[in-house]
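Spelled out, the chains give:
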Amino acid sequence: MAIVEADISISVDGFVAGPNTGQYPGLGQGGEILHAWLGEPDGEKIIGDTFASSGAVLTSRAIYDGTGGWGEEPPFRMPVFVVTHRPHESVTRGETTFTFVSDGITRAITQAAATAGDKKVHVMGGASIIQQALNAGLVDQLRLHVAPVLLGDGTPLFAHLDSPIRLEQMEAIATRYAHHLRYRVVK
């Protein structure tokens, strides 16, 4: 069965986007530093390895809409499941098919895992999707790309957890713009 890995960039103080996302769409005020690691050679290898080991991606409707559906040639080249409250027909762009799942996080992860087979389900967020998956006990691994910044405010990743979640560190890689940490969720 597929391993479900939540994977997201975060500030040292726990935010996945800075404040004022209405005024600064996407990553909020100062939030672009959270993804600076993607431009590093090590970052490119990390994201390449992530996609190579994944058989499906799970994301939110807000992220899908905010990126414009990733344009005509999305980078995934695998099925993407979009959790939404608004039903929508599937969309295919390039080698990526977006399936919109409107009946909850459990159903979305079940569909993604069936599609991924022996590969991982890459849960890329946003924060609400990862919180829902953690609260439902559906996450096997948590990968955090911790950027060396204190945003002070913004979209918190761990604000709405129902109970404590124990983690066991599996990997730690330090690069200039982030510490890449992988944990096993202890169940």
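Here the structure is a predicted model, which is why all the values come from computation and not from measurement.

Peer 1: Mind showing me how you'd approach unusual backbone geometry here?
Peer 2: Across the chain, the bulk of peptide bonds are trans and the bulk of non-glycine residues have phi less than zero. That bond from Gly 125 to Gly 126 is cis: its omega, 15 degrees, falls within 30 degrees of zero. For Trp 70, which is not a glycine, the phi torsion comes out positive at approximately 65 degrees. Checked against the element boundaries, Trp 70 lands in the loop between helix 2 (61-66) and strand 4 (80-83).

Peer 1: Explanation requested: the nonpolar core in the structure shown.
Peer 2: Across soluble globular proteins, you tend to see nonpolar side chains buried next to one another. Counting residues in each nonpolar core, the largest one holds 32 residues, and the members touching the most others are Leu 58, Ile 105, Val 121, Val 123, Ile 130, Leu 144 and Leu 157. For this core, the secondary-structure elements that each account for two or more residues are strand 1 (4-11), strand 3 (54-60), strand 4, helix 3 (105-116), strand 7 (120-123), helix 4 (127-135), strand 8 (141-147) and strand 11 (179-185). For this core, the element with the most residues is helix 3, which contributes six residues. Discounting residues that sit within four places of it in the chain, Leu 144 has contacts with Ile 8, Ile 10, Leu 157, Phe 158, His 179, His 180, Leu 181 and Tyr 183.

Peer 1: Honestly, the environment of His 160 in this entry has me stumped. Any pointers?
Peer 2: Residue placement: His 160 occurs in the loop between strand 9 (155-156) and strand 10 (167-174). Expressed as a C-alpha distance, the spacing of His 160 and Asn 135, which sit 25 residues apart in the sequence, is 8.6 Å. Apart from residues no more than four positions distant in its own chain, His 160 is found in contact with Gln 131 and Asn 135.

Peer 1: Hey, could you run me through the packing of aromatic side chains in this one?
Peer 2: Aromatic rings considered in pairs are described by the distance between their centres and by the relative angle of their planes. This model, assessed by the stated rule, comprises six aromatic pairs. Arranged with centres 6.3 Å apart and planes meeting at 65 degrees, the rings of Tyr 64 and Trp 70 form a pair that is edge-to-face. The same class applies to Tyr 64 and to Trp 70, which are both buried. Look at Tyr 64 and Phe 98: their rings are 5.1 Å apart centre to centre, the planes differ by 65 degrees, and that puts the pair in the edge-to-face class. Pair noted here: Tyr 64 is in helix 2 and Phe 98 is in strand 6 (residues 96-101), with a separation of 34 residues, a long-range link. The buried category is assigned to Tyr 64, whose relative accessible area is 7%. Through a chain of ring-to-ring contacts, three or more aromatic side chains come together here, namely Phe 51, Tyr 64, Trp 70, Phe 76, Phe 98 and Phe 100.

Basis of the calculations
- Residues numbered from 1 in each chain as written.
- Predicted model: local features only at pLDDT ≥ 70, side-chain atom pairs only at ≥ 80, totals over all residues.
- Heavy atoms only, no water.
- Helix = DSSP H or I, 4+ residues; strand = E, 2+ residues; numbered from the N terminus.
- Core = buried A, V, L, I, M, F, W, Y, C linked by side-chain atoms within 4.5 Å.
- Buried < 20%, exposed > 50% of the residue type's maximum accessible area, 1.4 Å probe, protein only.
- Contact = heavy atoms within 4.5 Å.
- Phe/Tyr/Trp six-rings, centres within 6.5 Å; stacked < 30°, edge-to-face > 60°.

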